[in-house]
Amino acid sequence: MTDIAPPKISRREQILQALAHMLEAEPGARITTAALAREVGVSEAALYRHFPSKAKMFEGLIGFMEETLFSRVKMITQSDGSSQKQCEQILTLLLAFVEKNPGMSRILTGDALSGEIERLRRQVSKLFDRLETELRRILREAEMREGLRTQATPTATANLLMAAAEGRIRQFVRSEFEQPPTQSWDEQWPLLAQALFRDA
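These remarks concern the structure in this document.

How each quantity is defined
Residues numbered from 1 in each chain as written. Predicted model: local features only at pLDDT ≥ 70, side-chain atom pairs only at ≥ 80, totals over all residues. Heavy atoms only, no water. Core = buried A, V, L, I, M, F, W, Y, C linked by side-chain atoms within 4.5 Å. Buried < 20%, exposed > 50% of the residue type's maximum accessible area, 1.4 Å probe, protein only. Helix = DSSP H or I, 4+ residues; strand = E, 2+ residues; numbered from the N terminus. Contact = heavy atoms within 4.5 Å. Expected span 1.5 Å × (residues − 1). Bend = angle between axes of the 7 residues up to and from the residue. Polar contact = N/O pair within 3.5 Å; in protein donor to acceptor, adjacent residues only side chain to side chain.

1. Considerations on the nonpolar core
Thinking step 1. Leu36, Leu94 and Ile107 are the most contacted members of the largest nonpolar core, which has 62 residues in total.
Thinking step 2. Of all the elements, helix H4 (residues 54-77) adds the most residues to this core, at 10 residues.
Thinking step 3. With residues near it in sequence (within four places) discarded, isoleucine 107 still touches Leu23, Phe58, Leu61, Ile62, Met65, Ala112, Leu113 and Val124.

2. A short note on helix H7 (residues 118-146)
Thinking step 1. In this model H7 runs 42 Å from its N-terminal to its C-terminal C-alpha over 29 residues, within 8% of the 42 Å that 1.5 Å per residue would give.
Thinking step 2. Where H7 bends most, at arginine 140, the angle is about 30°.
Thinking step 3. When we look at burial in H7, the residues that qualify are Leu120, Gln123, Val124, Leu127, Phe128, Leu131, Glu132, Leu135, Arg136, Ile138, Leu139 and Ala142.
Thinking step 4. Of the residues one or two after H7, glycine 147 is the one with positive phi, at around 70°.

3. Side note on the side chain of lysine 54
Thinking step 1. By secondary structure assignment, the location of lysine 54 is in helix H4.
Thinking step 2. Looking at lysine 54, its side chain comes within polar contact range of the main-chain oxygen of isoleucine 31, at 2.6 Å.
Thinking step 3. In contact with lysine 54, not counting residues within four places along its chain, are Arg30, Ile31, Thr32, Thr33 and Glu116.

4. Some details on the environment of arginine 72
Thinking step 1. For arginine 72, the position within the fold is in helix H4.
Thinking step 2. Distance in space between the C-alpha atoms of arginine 72 and isoleucine 90 is 8.4 Å, their sequence separation being 18 residues.

5. Remarks on the side chain of threonine 157
Thinking step 1. Relative to the helices and strands, threonine 157 resides in helix H8 (residues 154-174).
Thinking step 2. What makes threonine 157 buried here is its relative accessible area of 1%.
Thinking step 3. Setting aside chain neighbours within four positions, we find threonine 157 in contact with Leu139, Thr150, Ala152 and Leu196.

Below, the structure written as structure tokens:
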């Protein structure tokens, strides 16, 4: 039986993986294209053949996050799980994704985007807004579907849930990836749910 070789990744994917790795390996450090080229093992000119700027490389990573997260969010919202369960699954998905990809957390908190163009920060902000919109929609439908209501409005509740998740991501970055964002989450979610949800 012959071994099956792993699929070759494109140079573009290799560059994005190297950037994500550097964001994880050097918390707080600013990534230069020269250092990234060394990490990939190519010249800076070769980097620019695949990405016209460093901003486009960050856009590529943000695009990867959006595609990964929202393809799974869609599966969650199309499942037959309760509204409360769907909210929990979306937040857990976000925290687990960040824990598995520490370098990405620096992009989500804006830490890695310091000194970069404003468009990147807006793109990250839009990602969080989309997640909050999904939570708000689930909460609005909860009363009709299940007779489940929230103590505050769906808008305020969705915002509070996202604030809890974003806070855990920021702690992860601040601890230089020592404090996993899912740590104690299985104990904390029931406390949040108990405080936020009530029967109609």
